[in-house]
Amino acid sequence: FDHVQQARRQPGSTFKPFVYGAAFENGARATDGFIDQAVEIPLGGGEVWRPKDASPPSGQMMSLRSGLVYSKNTITAQVMQSVGPRRVANLAQAMGVRQSKLEEVPSLALGTSPVTLKEMVASYSTIANNGNYIEPFLVLRVTNRKGKVLETFQAKAPERAISLGSAQILIDAMRGVVDQGTGVAIRARFGIQADVAGKTGTTQDNTDGWFVMMHPQL
């Protein structure tokens, strides 16, 4: 059983870059903000979604960049409301989530639709690659026992999935995740000092715990 290409797990907050990316593509700036407050989103049929964080809302204005750096659910839910689930799902698909079905509902913002590890790595690679999606491939060449090359494989042409500007804003915010946000253990505990960017993701009761990290060469 292939845990990279077959296993589908909820990505949790590692899905949030798609939400903020959609906002940036829609004209929002990293310095734009929302108030960190209790959020109630009607779902129809009398149901209401109330996203919460580990700590109570501060009541303070928080920028979009800080919302991603500190992985604030209340801010992310408001960003999702401003751009809409369909736009977020379409961007995620363009960036690399191309096999898994994404439910176009508000809670998609917090990574409730299961995806594969390959899809998430491909999507983060799109960010690192200045917004260009390149389909990952595993086999470079096939040779026989004498070393004769029987077949070679090459990457397909890059596809523009998100603008260069939006990709750079995301990289900057995801550097902040490591430098001051939810991923500070990368530096404080593990001592990694390189230029890295990433995003944490924790689902209900830490059923799925994610961390996806990027480096300029990796």
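This section reports on the structure supplied with the text. These figures come from a predicted structure and were not determined experimentally. (Residues numbered from 1 in each chain as written. Predicted model: local features only at pLDDT ≥ 70, side-chain atom pairs only at ≥ 80, totals over all residues. Heavy atoms only, no water.)

Quick word on the nonpolar core
- Core analysis: the largest hydrophobic core is formed by 45 residues, its most contacted members being Phe-18, Tyr-20, Val-88, Leu-102, Leu-170 and Met-174.
- Counting residues per element, the ones that place at least two in this core are helix H1 (16–25), helix H2 (64–69), helix H3 (73–83), helix H4 (85–95), helix H5 (117–128), helix H6 (164–179) and strand E10 (209–214).
- When neighbours within four sequence positions are excluded, Phe-18 is seen to be in contact with Val-88, Leu-91, Ala-92, Met-95, Val-97, Met-120 and Ser-123. (Core = buried A, V, L, I, M, F, W, Y, C linked by side-chain atoms within 4.5 Å. Buried < 20%, exposed > 50% of the residue type's maximum accessible area, 1.4 Å probe, protein only. Helix = DSSP H or I, 4+ residues; strand = E, 2+ residues; numbered from the N terminus. Contact = heavy atoms within 4.5 Å.)

A look at the packing of aromatic side chains
- Counted by the stated rule, this structure contains 1 aromatic pair.
- Ring geometry for Phe-15 and Phe-18: centres 4.7 Å apart, planes at 70°, overall edge-to-face. Residues Phe-15 and Phe-18 agree in their burial class; the two are buried.
- Lying over the aromatic face of Tyr-133, Arg-98 brings its terminal NZ or CZ to 3.9 Å of the ring centre. (Phe/Tyr/Trp six-rings, centres within 6.5 Å; stacked < 30°, edge-to-face > 60°. Lys NZ or Arg CZ within 6 Å of the ring centre and 35° of its normal.)

Concerning H6
- For H6, with 16 residues, the first-to-last C-alpha span of 23 Å sits near the 22 Å given by 1.5 Å per residue.
- Looking only at H6, the buried set comprises Ser-166, Ala-167, Leu-170, Ile-171, Ala-173, Met-174, Gly-176, Val-177 and Val-178.
- Where H6 is buried, its residues meet H1, H2, H5, helix H7 (185–188), strand E9 (197–202) and E10. (Expected span 1.5 Å × (residues − 1).)

A closer look at the pattern of salt bridges
- Using the criterion set out here, one finds 11 salt bridges in the structure.
- Note that Arg-9 and Asp-208 form a salt bridge whose closest N and O atoms lie 2.6 Å from each other. Pair noted here: Arg-9 is in the segment before H1 and Asp-208 is in the loop between E9 and E10, with a separation of 199 residues, a long-range link.
- Measuring nitrogen to oxygen at the nearest pair gives 2.9 Å for the salt bridge that ties Arg-86 to Glu-104. One end of the pair, Arg-86, is in helix H4; the other, Glu-104, is in the loop between H4 and H5, with 18 residues separating them in the sequence.
- Glu-104 sits in the partly exposed class, given a relative accessible area of 35%.
- Each member of the salt-bridge network shares a partner with another, and the members are Asp-36, Asp-53 and Lys-72. (Salt bridge = Lys/Arg side-chain N within 4 Å of Asp/Glu carboxyl O.)

Regarding the pairing of E9
- Within E9, 5 of the 6 residues are buried, which leaves the element mostly enclosed by the surrounding structure.
- Two strands pair when backbone bridges link them, and E9 and E10 are joined in this way by 6 bridges, in the antiparallel orientation. Following the sheet pairing, Ala-197 is matched in E10 by Met-214.
- Joining the antiparallel neighbours E9 and E10 is a turn of 6 residues, in which Asp-205 adopts a positive phi near 55°. (Pairing = 2+ DSSP bridges.)

Section: the packing of H1 against H4
- It is at 9 Å that the axes of H1 and H4 come closest, and there the two elements cross at 110°. Considering the angle they form, H1 stands roughly perpendicular to H4. Only Arg-87, Val-88, Leu-91, Ala-92 and Met-95 of H4 make contact with H1, whose side of the interface consists of Phe-18, Val-19, Gly-21 and Ala-22.
- Here the contact of H1 with H4 is composed, by residue class, of 7 nonpolar, 1 polar and 1 charged. (Axes fitted to C-alpha atoms, helices over the stretch in contact; angles between N-to-C directions. Parallel < 35°, antiparallel > 145°, perpendicular 65-115°, else oblique. Nonpolar A, V, L, I, M, F, W, Y, C, P; charged D, E, K, R; others polar.)

Overview of the side chain of Thr-76
- Mapped onto the secondary structure, Thr-76 falls in helix H3.
- By relative accessible area, Thr-76 is classed as buried at 0%.
- At 2.7 Å, the side chain of Thr-76 forms a polar contact with the backbone oxygen of Lys-72.
- Those residues in contact with Thr-76 that sit more than four places away from it in its chain are Lys-16, Val-19, Tyr-20, Gly-67, Ala-109 and Leu-110. (Polar contact = N/O pair within 3.5 Å; in protein donor to acceptor, adjacent residues only side chain to side chain.)

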